[in-house]
Amino acid sequence: MEACNAYYYATRDPLGRDGDFTTAPELSQIFGEIVGAALADCWSRAGSPGDAIYVELGPGRGTLAADALRALRSAGFSGEVHLVETSPALREIQARSVPGAHWHEQVQELPERPLLLVGNEFLDALPIRQFVDGIERRVMVAAGGLAFDRDGEISEDSPARDELVARISRRIGTRGGVGLLIDYGHERTAFGDTLQAVRGHRYAPVLDMPGEQDLTSHVDFETVANAAAKTGVSVTPLVTQGEWLNRLGIGARAAALATAHPNRAEELASAVHRLTSPKEMGQLFKVIAIHAAGWPQPAGFAP
Ligand code: SAH
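Residues numbered from 1 in each chain as written. Predicted model: local features only at pLDDT ≥ 70, side-chain atom pairs only at ≥ 80, totals over all residues. Heavy atoms only, no water.

Comments concerning the overall build of the protein chain
Applicable threshold: Secondary structure elements are taken from DSSP: a helix is a run of H or I of four residues or more, a strand is a run of E of two residues or more, and numbering for both begins at the N terminus. Based on C-alpha atoms, the radius of gyration is set beside the globule rule, defined as 2.2 Å times the residue count to the power 0.38. Only protein chains enter the calculation, and the probe is 1.4 Å; a residue is then buried if its accessible area is under 20% of its type maximum, exposed if over 50%, and partly exposed in between. The contact definition used throughout considers only heavy atoms, calling two residues in contact when any of these lie within 4.5 Å. Under the convention used here, a 1.4 Å probe and the Shrake-Rupley method define accessible areas, while residue burial counts only the protein chains that appear. Charged residues are defined here as Lys and Arg on the positive side and Asp and Glu on the negative side; His and the ends of the chain fall outside this count. Charge coordinates come from a single atom per side chain, which is NZ of Lys, CZ of Arg, CG of Asp or CD of Glu.
Summing up its helical and strand segments, the protein chain has 10 helices and 17 strands in all. At 19 Å, the protein chain has a C-alpha radius of gyration in line with the 19 Å of a compact globule built from 303 residues. The C-alpha extent of the protein chain, read off along each of the three principal axes, is 60 × 45 × 40 Å. Counting the 303 residues in the protein chain, one finds 51% classified as buried. In the protein chain, of all internal contacts separated by at least 6 residues, the share reaching a separation of at least 24 is 76%. When the accessible surface of the protein chain is split by element, carbon and sulfur atoms take 52% of a total near 13,500 Å². Side chains of the protein chain give 28 positive and 39 negative charges; the mean places of these two sets differ by 3 Å.

A few points about the pattern of salt bridges
For clarity, the threshold we go by: Should a side-chain nitrogen of Lys or Arg be within 4 Å of a carboxyl oxygen of Asp or Glu, the pair is scored as a salt bridge.
Under the definition given, this model contains 19 salt bridges. Among the ionic pairs, Arg12 bridges to Glu212, the shortest N-O distance being 3.1 Å. Here Arg12 is found in the loop between α1 (2-10) and α2 (24-27), whereas its partner Glu212 is found in the loop between β12 (202-204) and β13 (214-216), with 200 residues between them in sequence. A salt bridge links Glu33 to Arg70; its shortest N-O distance comes to 2.8 Å. Of the two residues, Glu33 sits in helix α3 (residues 29-45) while Arg70 sits in helix α4 (residues 63-74), which places them 37 residues apart along the sequence. For Glu33, a relative accessible area of 9% gives the class buried. Judged by its relative accessible area of 42%, Arg70 falls in the partly exposed class. Overlapping salt bridges bring together Glu33, Asp67, Arg70 and Arg253 as one network.

Thoughts on the site of the ligand
Here is the rule we go by: Summary of the distance rule: residues count as near a molecule or strand when at least one heavy atom falls within 4 Å of that molecule or strand. Distance and chemistry together define a polar contact, namely a pair of N or O atoms within 3.5 Å, with one atom able to donate a hydrogen and the other to accept it when in protein, and with adjacent residues in sequence counting only for side-chain atoms on both sides. Three residue categories are used. Nonpolar comprises Ala, Val, Leu, Ile, Met, Phe, Trp, Tyr, Cys and Pro, charged comprises Asp, Glu, Lys and Arg, and polar comprises the others, including Gly.
Around the ligand lies a shell of 17 residues, among which Thr23, Gly58, Gly60, Glu85 and Asn120 are the nearest. Thr23 has a polar side-chain atom sitting 2.6 Å from an oxygen atom of the ligand. Between a nitrogen atom of the ligand and a side-chain N or O atom of Thr86, the distance comes to 3.5 Å. Out of a free accessible area of 570 Å², the ligand has 90% covered by protein chains. Of the residues contributing to the shell around the ligand, the split by class is nine nonpolar, six polar and two charged.

Looking at helix α9 (residues 250-260)
We count it as follows: This arc is built from the directions going out from the helix axis to the C-beta atoms.
Within the sequence span of α9, burial applies to Ile250, Ala254 and Leu257. Each buried residue of α9 sits inside an arc of 65° when the element is viewed along its axis, so together they form one side. Every exposed residue of α9 that faces more than 90 degrees away from the buried side is listed here: Ala252, Thr259 and Ala260. Here the buried face of α9 lies against α3, α8 (241-247) and α10 (265-276).

Here we look at a nonpolar patch on the surface
The condition is simple: Nonpolar side chains (Val, Leu, Ile, Met, Phe, Trp, Tyr) within 5 Å and like charges within 9 Å form the patches, drawn only from residues with over 30% relative accessible area and no salt bridge.
Together, Val139, Val141 and Leu146 line one region of the surface with nonpolar side chains, adding up to about 280 Å² of accessible area. With respect to the helices and strands, Val139 occurs in strand β7 (residues 139-142).

Some thoughts on the sheet that holds strand β5 (residues 129-132)
What counts is decided by this rule: When DSSP finds at least two bridges between two strands, those strands are taken to pair.
With respect to topology, three strands assemble into an open sheet ordered β6-β5-β9, the strand pairing being antiparallel. Each having just a single partner strand, β6 (135-136) and β9 (154-157) make up the two edges of the open sheet. Note: β5 against β9, four bridges, orientation antiparallel. Bridge pairing links Val132 to Ile154 in β9.

The values reported here are purely geometric and, on their own, carry no functional implication.
This is the structure in structure tokens:
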């Protein structure tokens, strides 16, 4: 999974109608603006520290960064922008959306400063392991292609994801800041095979065309929350994306944009529906935040 995704992302722009999948920030500017407003609110309530930096994990086309930074800049934030991105192809596109950004291969390379961090559909792309009866399931070469070496009731874990969450949590805990992690997944650890492949906006068999389709898994947010909490950082309750966006005023923002641009009213209403409806992305996608002691809990998580 790690090798396939490294090749996959390094060699293409997978996003949008002509690609393999579409993400929330690519659906509407409102998504990034709300992320930016949530970070800006936290930053100003923390006393607007001048050394804070905007950090994004796996920024795709840089659309979320550009929209979030517009909101952050208008709230007075003038800090640097640091993007954690391994794909050379996507870095090139990000450089156009986010001029002046700094790039890193890994979170360990980020400067030791307070972080205003976001990762959307990043954790799902990190490699997982699958187990059947406590034994790790492996991929083997079989007649006619690749095959799994065992079948049965599957459980999953992701040491890579746990490690990454622990690293950003330790950073935020010691240097200050807040992190928003947004992804599809479940609130409690459970049995089940969630590995999936997407190509051309359709699900595909996971072992088909290695490195040519997007491989992801559902994020186990119970494990993510534990990995963060273990470092001593504060962790919010998990909320659905629909709930979070509604609490942060997506309706009002869409109405304001529609008044200013009446010709876009239909497109805005449809984007809000896709982002918030439980039948679309509103329920499956979840948001969790971590924040340092001395930094306020971001808005949208208190019941
Ligand atoms: N956040 C964007 C893109 C999501 S796709 C959006 O919402 O539109 C996943 C992103 O994570 C891509 O930018 C991909 O290149 C990047 N990525 C995947 N694995 C990574 C890794 N191990 N380290 C850094 N970036 C990674």
